[in-house]
Amino acid sequence: MVRIIVAVVLAAGLFLLNVVLLRLNKKTPVPEGCENLTPDCSACGMKDCAMRGTYEKKKEAENGNC
Amino acid sequence: MNILALFISAMLINNIVLTKFLGMCPFMGVSTHLDSAIGMGAAVIFVIFGASVLSYFLYYFVLVPLNLEYMQLITFILLIAAFVQFVELFVKKFSPALYKQLGIYLPLITTNCTVLYVAQDNITKGYTLVETMVNSIATPAGFMLMLVIFATIRERLNQNNVPKSFQGNPIAFVVAGIMAIAFSALAGLV
């Protein structure tokens, strides 16, 4: 029983650490000149990739400018 | 195991991209330009090294004494995600120049399966701390090498007349296959 509790506490602790770091990371302002950095990723085709949305917007903007 | 043999084996012979087919997403996505390939490669080396060493300590100093080895996978995933968040936060706050170069690739690395593979591999193979450190530098160095070679080939490919049906990812996969065959010749090196 104690082993299970320790395991749950360990997993919960790491999860909490993740959430705290994620929130701190979001709150930390991006350095000057880095506000509009976009990845130079040609989008491999994975629809769930977080970068895909940014990439598609960038492409749309480029096509709009042409 | 001889440290040099381990380094060469992890970097060239058992190259993570060409033999394990891991990290294919950034390998295909970020290999169109040499600059981005170098940036991504450097970020991967940094993150894999840090995450693997931390995972080593977590496993041998927390999980093993508590008899919680079965928690290895879940704790490593959480640890790697937390580490990447911390690195991004740290670089953002204290080194804007580095953030400009690598920051954009850090979120991509969170989901990179090579990070988890190297951390798990070090434990599975029973490496010591020194071997863990060597493997954790050599494996992503091999990844970076492939990324850079592949980016230079793709830059040349963009200037060539590739048949329409092969343009983009299809020709890139053909090139990756040929590279894998070429690198398999190094198998007898160590």
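If you're wondering where the values come from, they're calculated on a predicted model, not measured in any experiment.

Colleague: It is not clear to me how the overall build of chain B should be interpreted in this structure. Could you clarify?
Modeller: Looking only at helices and strands, chain B has 9 helices and 0 strands in total. Overall, the C-alpha framework of chain B stretches about 60 × 45 × 25 Å when taken along its three principal axes. Buried residues in chain B amount to 43% of all 190 residues.

Colleague: Mind showing me how you'd approach the packing of helix α3 (residues 34-63) of chain B against helix α4 (residues 72-94) of chain B here?
Modeller: Angle between the axes and distance between the axes are the two parameters that describe a pair of packed helices. All names here are of chain B. For the pair α3 and α4, the least separation of the axes is 10 Å and the interaxial angle reads 135 degrees. When the interaxial angle is binned, α3 and α4 end up oblique. Pair α3 / α4 crosses with right-handed handedness. Each of Val47, Gly50, Ala51, Leu54, Ser55, Leu58, Tyr59 and Leu63 in α3 lies in contact with α4, whose residues at this interface are Gln72, Thr75, Phe76, Leu79, Ile80, Phe83, Val84 and Val87. Tallied by class, the residues present in the contact of α3 with α4 amount to 12 nonpolar, 4 polar and no charged.

Colleague: What am I meant to see in the nonpolar core here?
Modeller: Side chains of a nonpolar character, in soluble globular proteins, are inclined to be buried together. Residues and elements named next belong to chain B. If you look at the biggest cluster of nonpolar residues, it comprises 55 residues, and the most contacted ones within it are Val47, Leu79, Ile80, Ile109, Val115 and Leu147. In terms of residue count, the dominant contributor to this core is α3 (11 residues). Ile80 has contacts with Ala51, Val115, Leu116 and Ala119, leaving out every residue within four places of it along the chain.

Colleague: What am I meant to see in unusual backbone geometry here?
Modeller: When glycine is set aside, most residues are seen to have a negative phi, and most peptide bonds are trans. Residues and elements named next belong to chain B. Of note in the backbone geometry, Phe21 takes a positive phi value of approximately 55 degrees without being a glycine. Note on placement: Phe21 falls in the loop between α1 (3-13) and α2 (24-29). Using a count of 12 C-beta atoms within 10 Å as the deciding quantity, one classes Phe21 as exposed. Here Asn67, not a glycine, exhibits a phi torsion of approximately 55 degrees, which is positive. With respect to the helices and strands, Asn67 occurs in the loop between α3 and α4. Note on Asn67: 11 C-beta atoms within 10 Å, which makes it exposed.

Colleague: Looking at this structure, how should I read the environment of Thr28(A)?
Modeller: Structurally, the position occupied by Thr28(A) is in the loop between α1 (2-27) and α2 (50-65). Exposure remark for Thr28(A): the 14 C-beta atoms within 10 Å place this residue in the partly exposed category.

Conventions used here
- Residues numbered from 1 in each chain as written.
- Chains lettered and ligands numbered in written order.
- Predicted model: local features only at pLDDT ≥ 70, side-chain atom pairs only at ≥ 80, totals over all residues.
- Helix = DSSP H or I, 4+ residues; strand = E, 2+ residues; numbered from the N terminus.
- Buried ≥ 20, exposed ≤ 12 C-beta atoms within 10 Å, placed from the backbone.
- Axes fitted to C-alpha atoms, helices over the stretch in contact; angles between N-to-C directions.
- Parallel < 35°, antiparallel > 145°, perpendicular 65-115°, else oblique.
- Left-handed = near helix turned anticlockwise from the far one by under 90°.
- Contact = placed C-beta atoms within 7 Å.
- Nonpolar A, V, L, I, M, F, W, Y, C, P; charged D, E, K, R; others polar.
- Core = buried A, V, L, I, M, F, W, Y, C linked by C-beta atoms within 7 Å.

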